[in-house]
Amino acid sequence: MHHSETKRRNYLAKFSALLQTPALLLIRIIWGVLFILEGWHKFADISGTASFFQELGFTYPTLMVLLTASVELLGGILLLVGFFTRIAAIFLIITMIIAAIMAPSHAHFLGYSSGQTETFLAQIPLTFAYACFVTFLFGAGKWSLDHRITKKISPYFH
């Protein structure tokens, strides 16, 4: 490998590392707010959402609404502020997998269903789960409560 190629790779690595923290913050803000809104919406109409859950085949629809809304609302808040981010992401991923299984009409792969193409962002469970997967893999980033707390507890932990 030539010296100039090594130098270019080093610059690219430094540049991508520089963008990681703001990118993770942006992901946390967007998806945290979306999860908060989803959870809030379910709490605002528990009976309507329970009827929908019952149509989907949930045995205890009201309980499932309360659990889902709680995970989405609390998980969204935790994502937003970057606190217990990976733990919140796990619970949100599980919730979205259940949503994709129980409501397959809302979980089209790549926006394809019945010959109609929808926008990728309309595929709520898959895109929400993907955002959580990214935060699970990379954590909350340096601009988060997780980073501030673990930095004080142990410099080796984050």
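Residues numbered from 1 in each chain as written. Predicted model: local features only at pLDDT ≥ 70, side-chain atom pairs only at ≥ 80, totals over all residues. Heavy atoms only, no water.

Colleague: What's the story with the environment of His 41 in this structure? I'm lost.
Modeller: Mapped onto the secondary structure, His 41 falls in helix α1 (residues 3-44). On a C-alpha basis, the gap between His 41 and Leu 73 in space is 9.4 Å, while along the polypeptide they are 32 residues apart. (Helix = DSSP H or I, 4+ residues; strand = E, 2+ residues; numbered from the N terminus.)

Colleague: Explanation requested: the packing of α1 against helix α3 (residues 61-81) in the structure shown.
Modeller: Axis angle and axis distance: for two packed helices, these are the angle between their axes and the distance between the axes, and together they describe the pair. Closest axis-to-axis distance for the α1/α3 pair is 7 Å, and the angle between their directions is 155°. Between α1 and α3, the interaxial angle falls into the category roughly antiparallel. Judged by the twist between their axes, the crossing of α1 over α3 is left-handed. Residues Arg 28, Ile 29, Gly 32, Val 33, Phe 35, Ile 36, Glu 38, Gly 39, Trp 40, Lys 42 and Phe 43 of α1 pack against Val 65, Leu 66, Thr 68, Ala 69, Ser 70, Glu 72, Leu 73, Gly 76, Ile 77, Leu 79, Leu 80 and Val 81 of α3. Here the contact of α1 with α3 is built from residues that sort into 14 nonpolar, five polar and four charged. (Axes fitted to C-alpha atoms, helices over the stretch in contact; angles between N-to-C directions. Parallel < 35°, antiparallel > 145°, perpendicular 65-115°, else oblique. Left-handed = near helix turned anticlockwise from the far one by under 90°. Contact = heavy atoms within 4.5 Å. Nonpolar A, V, L, I, M, F, W, Y, C, P; charged D, E, K, R; others polar.)

Colleague: Explain the pattern of salt bridges here, please?
Modeller: Under the definition given, this model contains three salt bridges. Where Lys 42 meets Glu 38, a salt bridge forms, and the shortest distance between an N and an O atom there is 3.3 Å. Taken together, the positions of Lys 42 and Glu 38, both in helix α1 and four residues apart, correspond to about one turn of that helix. Taking relative accessible area as the criterion, Lys 42 reaches 9% and is therefore assigned buried. Take Glu 38: its relative accessible area is 27%, and that puts it in the partly exposed class. (Salt bridge = Lys/Arg side-chain N within 4 Å of Asp/Glu carboxyl O. Buried < 20%, exposed > 50% of the residue type's maximum accessible area, 1.4 Å probe, protein only.)

Read these as spatial facts, not as claims about activity.
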